Amino acid sequence: MKTMTCRQMGGMCDTAITAATPEEMINKGMDHLREAHPEMVASIESMPKDDPLMLDWSKKFMEGWEKTPENA
Ligand SMILES: [Zn+2]
């Protein structure tokens, strides 16, 4: 399991999110956005999945995921 903050994933708060896989992290991150930052969800969902901003986000997210150590 790894723990990343909302901010590390491009969000705006320091809520910690724990997940076993990058896919789970993204899903849990989206759940958190729906609860805490619904305005971000609206802008994400209005973008096509292959929008350069989304591709850039995915790349940065995966780099962040790789750099984050496994929880002890
Ligand atoms: Zn947040």
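Heads up: the structure comes first, above all this text.
Description of the structure in this document. (Residues numbered from 1 in each chain as written. Predicted model: local features only at pLDDT ≥ 70, side-chain atom pairs only at ≥ 80, totals over all residues.)

**A few points about the environment of W57**
Okay, so step 1: On the secondary structure map, W57 appears in helix α3 (residues 52–67).
Okay, so step 2: By the C-beta count within 10 Å, which is 16 here, W57 ends up partly exposed.
Okay, so step 3: For W57 and E45, which are 12 residues apart along the polypeptide, the C-alpha to C-alpha distance reads 14 Å. (Helix = DSSP H or I, 4+ residues; strand = E, 2+ residues; numbered from the N terminus. Buried ≥ 20, exposed ≤ 12 C-beta atoms within 10 Å, placed from the backbone.)

**Notes on helix α1 (residues 22–36)**
Okay, so step 1: The terminal C-alpha atoms of α1, which comprises 15 residues, lie 20 Å apart, in line with the 21 Å expected from a rise of 1.5 Å per residue.
Okay, so step 2: Where α1 is concerned, the buried positions are M25, G29 and L33. Along the axis of α1, the buried residues cluster in a sector spanning 75 degrees; they form a single face. Residues E23, D31, R34 and E35 are exposed on α1 and point more than 90 degrees away from its buried face.
Okay, so step 3: If you follow the buried residues of α1, they end up packed against β1 (2–5), β2 (16–19), α2 (38–45) and α3. (Expected span 1.5 Å × (residues − 1). Arc of directions from axis to C-beta. Contact = placed C-beta atoms within 7 Å.)

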